[in-house]
Amino acid sequence: MEIRLLKQNEKPPMALLLTADPSEKLVKDYLDRGYCYTAEIDNQTVGVFVLLEITSDTIELINIAVDEKHQGKGIGKTLVKDAIQKAKEIGFKTIEVGTGNSSIGQLALYQKCGFRIISVDKNFFIRNYKEEIFENGIQCMDMVRLSQEL
Ligand code: COA
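For the structure given in this document, a descriptive report is provided here.

The rules behind these values
Residues numbered from 1 in each chain as written. Predicted model: local features only at pLDDT ≥ 70, side-chain atom pairs only at ≥ 80, totals over all residues. Heavy atoms only, no water. Core = buried A, V, L, I, M, F, W, Y, C linked by side-chain atoms within 4.5 Å. Buried < 20%, exposed > 50% of the residue type's maximum accessible area, 1.4 Å probe, protein only. Helix = DSSP H or I, 4+ residues; strand = E, 2+ residues; numbered from the N terminus. Near = heavy atom within 4 Å. Polar contact = N/O pair within 3.5 Å; in protein donor to acceptor, adjacent residues only side chain to side chain. Areas by Shrake-Rupley, 256 points an atom, 1.4 Å probe, with all protein chains shown as cover. Pairing = 2+ DSSP bridges. Right-handed = clockwise from strand over helix to strand, strands pointing away. Disulfide = S-S within 2.5 Å. Axes fitted to C-alpha atoms, helices over the stretch in contact; angles between N-to-C directions. Contact = heavy atoms within 4.5 Å.

Some thoughts on the nonpolar core
Point 1. Grouped together as the largest cluster of nonpolar side chains are 24 residues, with contacts concentrated most on F49, L51, L61, V80, I95, Y110 and F115.
Point 2. Elements represented by at least two residues in this core include exactly β2 (35-41), β3 (44-53), β4 (58-66), α3 (75-90), β5 (94-100), α4 (104-112) and β9 (143-149).
Point 3. Core analysis: the next-biggest nonpolar cluster, separate from the first, contains eleven residues, L16, L17, L31 and V50 among them.

Quick look at the site of the ligand
Point 1. Neighbouring the ligand are 20 residues; I64, V66, G74, K77 and Q106 lie closest to it.
Point 2. At 2.6 Å, a side-chain N or O of Q106 approaches an oxygen atom of the ligand.
Point 3. Out of a free accessible area of 970 Å², the ligand has 67% covered by protein chains.
Point 4. Considering each element in turn, the shell around the ligand owes the most residues, seven residues, to α4.

Points about the pairing of β5
Point 1. Counting buried residues in β5 gives six out of seven residues, a clear majority hidden from the surface.
Point 2. Examined bridge by bridge, β4 and β5 share four bridges and lie parallel to one another. Bridge pairing links E60 to E96 in β5.
Point 3. In the classification by handedness, the crossover that spans β4, the intervening α3 and the parallel β5 is right-handed.
Point 4. Bridge count between β5 and β9: seven bridges; the pairing is antiparallel. Residue pairing across strands places V97 opposite L146, the latter belonging to β9.

With respect to the state of the cysteines
Point 1. The final tally for this structure, using the stated rule, is zero disulfides.
Point 2. Free cysteine C113: the closest other cysteine sulfur is in C36, separated by 19 Å.
Point 3. The closest cysteine sulfur to the non-disulfide-bonded C140 is located on C113, 20 Å from its own sulfur.
Point 4. Judged by relative accessible area, which is 5%, C140 ranks as buried.

Let's talk about the sheet that holds β2
Point 1. Strand order in the open sheet formed by seven strands is β1-β2-β3-β4-β5-β9-β6, and the pairing between neighbours is mixed. Either end of the sheet is taken by a strand with one partner, and the two such strands are β1 (2-5) and β6 (116-121). For this sheet, the mean angle separating the axes of adjacent strands, direction not counted, is 25 degrees.
Point 2. Along the sheet, α4 contacts β4, β5 and β9; its crossing angle with β5, the most-contacted strand, is approximately 165 degrees.

All we've got here are geometric facts, nothing functional implied.
Structure (structure tokens):
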């Protein structure tokens, strides 16, 4: 699997990015400002992640997604670890990630990769998304923020 920074003239895998974040407007906004990396197997995109600088010291893993057909095989974990490594190489001191209170698998994944919960942005998904989101039978309302020192 090859993980590489998308070139400026290449189209980001929007359908995949939207599986992690249903707001096309938000996705387009952070794609303009962030670094988009894709993971390819035999020239086919199987995963994506986006890193977005939030301060001179802190970068956010703002989107990560693995194609449904390729989920559950360790690709997500490899991408999170690669994002952490890239953030370190670029020179950031802290990496953050945010996920929904209902995103049980994602909360497991990030903690397995060394992230610790630092705060909860209450009602984030109610304020920022028009449609109600449900996962695992739980309404997604709050954003759980996690971080790790690099
Ligand atoms: N409880 C405990 N651990 C869980 C879990 C649960 N409910 N669900 C997942 N995990 C663990 C897995 O067991 C695995 O850890 P392990 O290697 O120690 O077994 C780890 O989380 C992730 O597995 P992996 O196969 O690397 O993940 P993946 O390739 O399926 O990708 C996502 C994970 C989240 C990127 C993928 O499911 C996806 O693209 N989802 C849709 C988009 C999305 O939600 N993005 C994140 C937005 S915050």
